[in-house]
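Summary of the model geometry
Here is how the chains run, residue by residue.
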Amino acid sequence: MSAHLRAEFGKVGVLFGGRSAEREISLMSGGGVIKALQSQGVDAHAFDPAQRSLADLAAEKFDRVFIALHGRYGEDGTLQGALEQMGIPYTGPGVLASAIAMDKAMTKRVWLFNGLSTPRFAMLTASSDWTAIATTLGLPLIVKPAHEGSTLGLTKVTSVDQLPAAYALAAKFDKAVMAEEFISGMELTCPVLGAGDAARALPVVRIVAPEDNYDYQNKYFSDETQYLCPSQLPAPLEKQVQQLVLDSYRAIGCRGWARADVMIRESDGVPFLLEINTSPGMTGHSLVPMSAAASGMPYEQLCIEILRMAALDLQVSKDWAPPASG
């Protein structure tokens, strides 16, 4: 099997680390991925874009890359565009889908256009009418950066006078800040693998965080957060959530893999899409590996399957040659 995979994949780069606020988590994800790939005989090599240039990436002559970067400069379409230019197949969604998914407001606009349920939202500035925002969206509400993940810069606001400070915190991470209707209820996440009609949702994971606070610490480092997979949801509701996540994935134009977060509103059982992650975590606390394991797919196999789906949006003919100058 090792020789077969080495021949199938060639020289593989695992891109992790990077320059985003999620660097620490990316280092953990990438470390796990490279160890898993190498254990299966894949010729995998570490590459940190924060320490090496795109010229170095091209010089490595990778046959494909596994993107284990999180956040901006790795998950937002910029790196995907560079890889398209270099003709190096990469894991996860392409340029446009990655860029849309990184922008939470644009993601919501696409979902709403497609009739998918997502909490109401408003974009904020330093001069926003805080009272009007609170009146429109209701309290409590969530304030967060529009282009960050891992709950960085996120605040749950319970009174109007908290909004300026919440905005200031989010603005430290991003120029674009949004307020979002707070959905009280059950927190879930669901991964998707594949593309188009062949895409499939993996088992839903139910998240039970201490005091219902699934923040950065409880997400990545706490042993008190509970993850239920199987989710213990009624079968019809699990299928409803999986279909909603598949619809959200296809609406954005994703391929390869992603993971969407969902809230089930306590008052009426309606599911709401929160966001979609196009380069999900692959750490020891991460939820895609947990869901995959529940479906019978161990971590190493998951990494292989994701790597096998590495692709390019643009296919250049092998017969193409630049026009003669002059």
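Structure's up top.
Attention in this report is confined to the structure presented alongside it.

Conventions used here
- Residues numbered from 1 in each chain as written.
- Predicted model: local features only at pLDDT ≥ 70, side-chain atom pairs only at ≥ 80, totals over all residues.
- Heavy atoms only, no water.
- Pairing = 2+ DSSP bridges.
- Helix = DSSP H or I, 4+ residues; strand = E, 2+ residues; numbered from the N terminus.
- Axes fitted to C-alpha atoms, helices over the stretch in contact; angles between N-to-C directions.
- Buried < 20%, exposed > 50% of the residue type's maximum accessible area, 1.4 Å probe, protein only.
- Right-handed = clockwise from strand over helix to strand, strands pointing away.
- Contact = heavy atoms within 4.5 Å.
- Polar contact = N/O pair within 3.5 Å; in protein donor to acceptor, adjacent residues only side chain to side chain.
- Parallel < 35°, antiparallel > 145°, perpendicular 65-115°, else oblique.
- Nonpolar A, V, L, I, M, F, W, Y, C, P; charged D, E, K, R; others polar.
- Salt bridge = Lys/Arg side-chain N within 4 Å of Asp/Glu carboxyl O.

With that settled, the discussion passes to the sheet that holds strand E2 (residues 43-47). Across the sheet, which stays open at both edges, the three strands sit in the order E2-E1-E3 with parallel pairing between neighbours. In this open sheet, the two strands that pair with only one neighbour each are E2 and strand E3 (64-67). The mean inter-strand angle of the sheet, taken between neighbouring strand axes irrespective of direction, is 30°. Two elements, strand E1 (residues 11-15) and E2, share five bridges in a ladder whose sense is parallel.

Here the focus is the pairing of E1. Consecutive side chains along a regular strand alternate between the two faces of the sheet. Counted residue by residue, E1 has four buried out of five residues, so it is predominantly covered. Assessed by its sense of winding, the connection that carries the chain from E1 through helix H2 (residues 23-39) to E2 is right-handed.

Glancing now at the sheet that holds strand E7 (residues 177-181). As summarised here, the arrangement of the four strands in space is E4-E7-E5-E6, forming an open sheet in which the pairing is antiparallel. Looking at the sheet topology across the chains shown, the edges are occupied by strand E4 (121-124) and strand E6 (155-157). Along the sheet, successive strands turn relative to each other by an average axial angle of 25°, direction set aside. Pairing of E4 with E7, which is carried by four bridges, proceeds in the antiparallel orientation. Of the residues in E7, the one forming a bridge with Phe121 is Glu180.

On to the environment of Arg120, then. Position of Arg120 relative to the elements: it lies in the loop between helix H6 (104-113) and E4. For Arg120, a relative accessible area of 42% corresponds to the partly exposed category. Setting aside residues no more than four positions away along its own chain, Arg120 makes contact with Thr136, Leu137, Ala179, Glu180 and Glu181. Among the polar contacts made by the side chain of Arg120, one reaches the main-chain carbonyl oxygen of Leu137 at a distance of 3.4 Å.

In the contact formed by helix H5 (residues 95-102) and H6, the axes pass within 5 Å of each other and the chain directions differ by 105°. The pairing of H5 with H6 is recorded here as roughly perpendicular in orientation. Two secondary-structure elements touch here, H5 through Ile100, Ala101 and Met102 and H6 through Lys104, Met106, Thr107 and Val110. In the contact of H5 with H6, the residues fall into five nonpolar, one polar and one charged.

Tallying each qualifying case throughout the model produces 16 salt bridges. For Arg52, the salt bridge goes to Asp56, with nearest N and O atoms at 4.0 Å. Among the residues examined, Arg52 registers a relative accessible area of 31% and is labelled partly exposed. Note that Arg120 is salt-bridged to Glu181, the shortest N-O span being 3.4 Å. Taken together, the residues span a long stretch of sequence, with Arg120 in the loop between H6 and E4 and Glu181 in strand E7 at a distance of 61 residues. Residue Glu181 is classed as buried on the basis of its relative accessible area, which comes to 14%. Taken together, the shared-partner salt bridges connect Lys11, Arg52, Asp56 and Glu60 into one network.

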